[in-house]
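As a plain string of letters, each chain reads:
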Amino acid sequence: MTDETARMENTSRVEVGDAPAPREFGPVTTSMFVQYSGASGDLNPVHYDHGFATKAGYPSVFAQGMLLAALLSTFATDWLGPDQVRRFSVRFLDQLWPGDTLTCRGVVTHVAEGPEGRSATITLAGERPDGTVAISATAEFLLRE
Amino acid sequence: MSENSASGQGESWEVPIERGKIREFAAAMQSSHPAYQGAGAVVPPTFLVTGRQWAPDGVALAHGFDRSRLLHGGQEFVFYGPPPHAGDLLYASERIAERYEKQGKKGGTMRFLVIVTDFRDADGDVVAESRSTLIERAASA
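These notes cover the structure that comes with them. (Residues numbered from 1 in each chain as written. Chains lettered and ligands numbered in written order. Predicted model: local features only at pLDDT ≥ 70, side-chain atom pairs only at ≥ 80, totals over all residues.)

### Remarks on the overall build of chain B
Each helix and strand in chain B was counted, giving one helix and five strands. Counted from the first residue to the last, chain B has its helices and strands arranged as β-α-β-β-β-β. Looking at chain B as a whole, 31% of its 141 residues qualify as buried. A separation threshold of at least 6 residues defines the contact pool for chain B, and within that pool the share at least 24 residues apart is 69%. (Helix = DSSP H or I, 4+ residues; strand = E, 2+ residues; numbered from the N terminus. Buried ≥ 20, exposed ≤ 12 C-beta atoms within 10 Å, placed from the backbone. Contact = placed C-beta atoms within 7 Å.)

Next comes the structure, spelled out in structure tokens:
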């Protein structure tokens, strides 16, 4: 895990247990939620309209689950390559609030031969500053030979 | 957007994959990866959520859930080969794959819905699939 460039060019040596250095995103802001709303087309006001969010019973606006998924995917594709993804599956477990950071971790849990070649199954998690897992994911990436 | 709630299978609509949209999405996901830039940019893993922005009125399926009680439980993307690239033209259609209910922890009924969006190429082959699990929290007593 010391040579980032070499790993970007060749992931054929990826093995079970491999884990990149964790990456911290944020602190997240309402502006980031608005930016993601526009990019994704998800205009649910609970993510940027404080009055709407509090009326719905939340203490404030909070990040879209899909924004957390997107941040986790940034971490994953920096590691194993955007063209290599074949499956990306997330579960939303808890909210991320303005001012929170999201720390992303990942580990290879399985490597197998598939129809396109060797592929890695990874598990991913995004944690709040208090250690609560806000989002978890499993994904499959084809490994580059 | 008016939506079709009558049927469990929606009509298909065109989804052009555009480099500008990919660049905008990459910025929102805080990624500086060069593969998300330029004429042949690849779509990020969760990018296909943007496909609904191309849906004409009445085509996207309505979830029918109360927005103030709506939660997104999970989301899965499957790619049957390399992910789409800028310049590709896909055809999306939605279908309701599952519907179920559970008792809420504090009483009331939680409703679940799994909506699958199939993305096909010009030959009609499914190249990617997006599965969305939506939850409507129980109404407060």
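### Regarding unusual backbone geometry
In this chain, A:G26 is followed by A:P27 through a cis amide linkage whose omega measures 10°. For A:P27, the location among the structural elements is in the loop between β1 (23–25) and α2 (30–40). A positive phi angle, near 60°, is found at B:Q30, a position not held by glycine. Tracing the backbone through its elements, the reader meets B:Q30 in the loop between α1 (19–28) and β2 (70–79).

### A few points about the interface of chain A and chain B
Contacts between the two partners involve 27 residues from chain A, matched on the other side by 29 residues from chain B. Within the residue set of the side of chain A that touches chain B, elements represented by two or more residues are α2, α4 (65–80) and β2 (85–92) of chain A. When its residues are assigned to classes, the side of chain A that touches chain B shows 13 nonpolar, nine polar and five charged. Of the pairings in the sheet, the one linking β2(A) to β2(B) comprises five bridges and is antiparallel in character. Along β2(B), the bridge assignment pairs A:R91 with B:G74. (Nonpolar A, V, L, I, M, F, W, Y, C, P; charged D, E, K, R; others polar. Pairing = 2+ DSSP bridges.)

### Brief notes about the nonpolar core
Residue and element names in this part refer to chain A. Judged by nonpolar contacts, the single largest core of 62 residues is most densely connected at L67, L68, L71 and L72. The leading source of residues in this core is α4, at 11 residues. Setting aside residues no more than four positions away along its own chain, L72 makes contact with V90, C104, L124, G126, I135 and A137. (Core = buried A, V, L, I, M, F, W, Y, C linked by C-beta atoms within 7 Å.)

### Overview of the packing of α2(A) against α1(B)
The relative placement of two packed helices is expressed as an angle between their axes plus a distance between the axes. Running from N to C, α2(A) and α1(B) cross one another at 155°; their axes reach a closest spacing of 9 Å. Considered as vectors, α2(A) and α1(B) are oriented roughly antiparallel to each other. Between α2(A) and α1(B) lies a crossing whose hand is left-handed. For the pair α2(A) and α1(B), contact is made by A:Q35, A:Y36 and A:A39 and by B:E24, B:F25 and B:A28, respectively. (Axes fitted to C-alpha atoms, helices over the stretch in contact; angles between N-to-C directions. Parallel < 35°, antiparallel > 145°, perpendicular 65-115°, else oblique. Left-handed = near helix turned anticlockwise from the far one by under 90°.)

### A look at the environment of B:E94
Residues and elements named next belong to chain B. Examined against the element boundaries, E94 turns out to sit in strand β3 (residues 89–103). Of the residues examined, E94 has 26 C-beta atoms within 10 Å and is grouped as buried. Linking E94 and A39, residues 55 residues apart in sequence, is a C-alpha distance of 28 Å. When sequence neighbours within four positions are dropped, the list of residues in contact with E94 reads G10, A60, L61, I115 and T117.

### Digging into the pairing of strand β5 (residues 133–142) of chain A
All names here are of chain A. Judged by how many residues are buried, β5 sits mostly within the fold: seven of 10 residues are covered. In this structure, β2 lies alongside β5, joined through seven bridges in antiparallel fashion. Within the sheet, the bridge partner assigned to F88 lies in β5 and is A139. Pairing of strand β4 (residues 117–127) with β5 involves nine bridges; the strand directions are antiparallel. Paired with A125 across the two strands is S136, which belongs to β5. In this structure, the hairpin formed by β4 and β5 is closed by a connection of five residues, where G131 is found at a positive phi of approximately 90°.

### A look at the sheet that holds β3(B)
The sheet built from 10 strands is open, its strands ordered β1(A)-β3(A)-β4(A)-β5(A)-β2(A)-β2(B)-β5(B)-β4(B)-β3(B)-β1(B) with antiparallel pairing. The outermost strands of the open sheet, each flanked by one partner alone, are β1 of chain A together with β1 (13–16) of chain B. Along the sheet, successive strands turn relative to each other by an average axial angle of 25°, direction set aside. Direction of pairing for strand β4 (residues 109–120) of chain B relative to strand β5 (residues 126–136) of chain B: antiparallel, over a ladder of 10 bridges. The residue of β5(B) that forms the bridge with B:F119 is B:A128.

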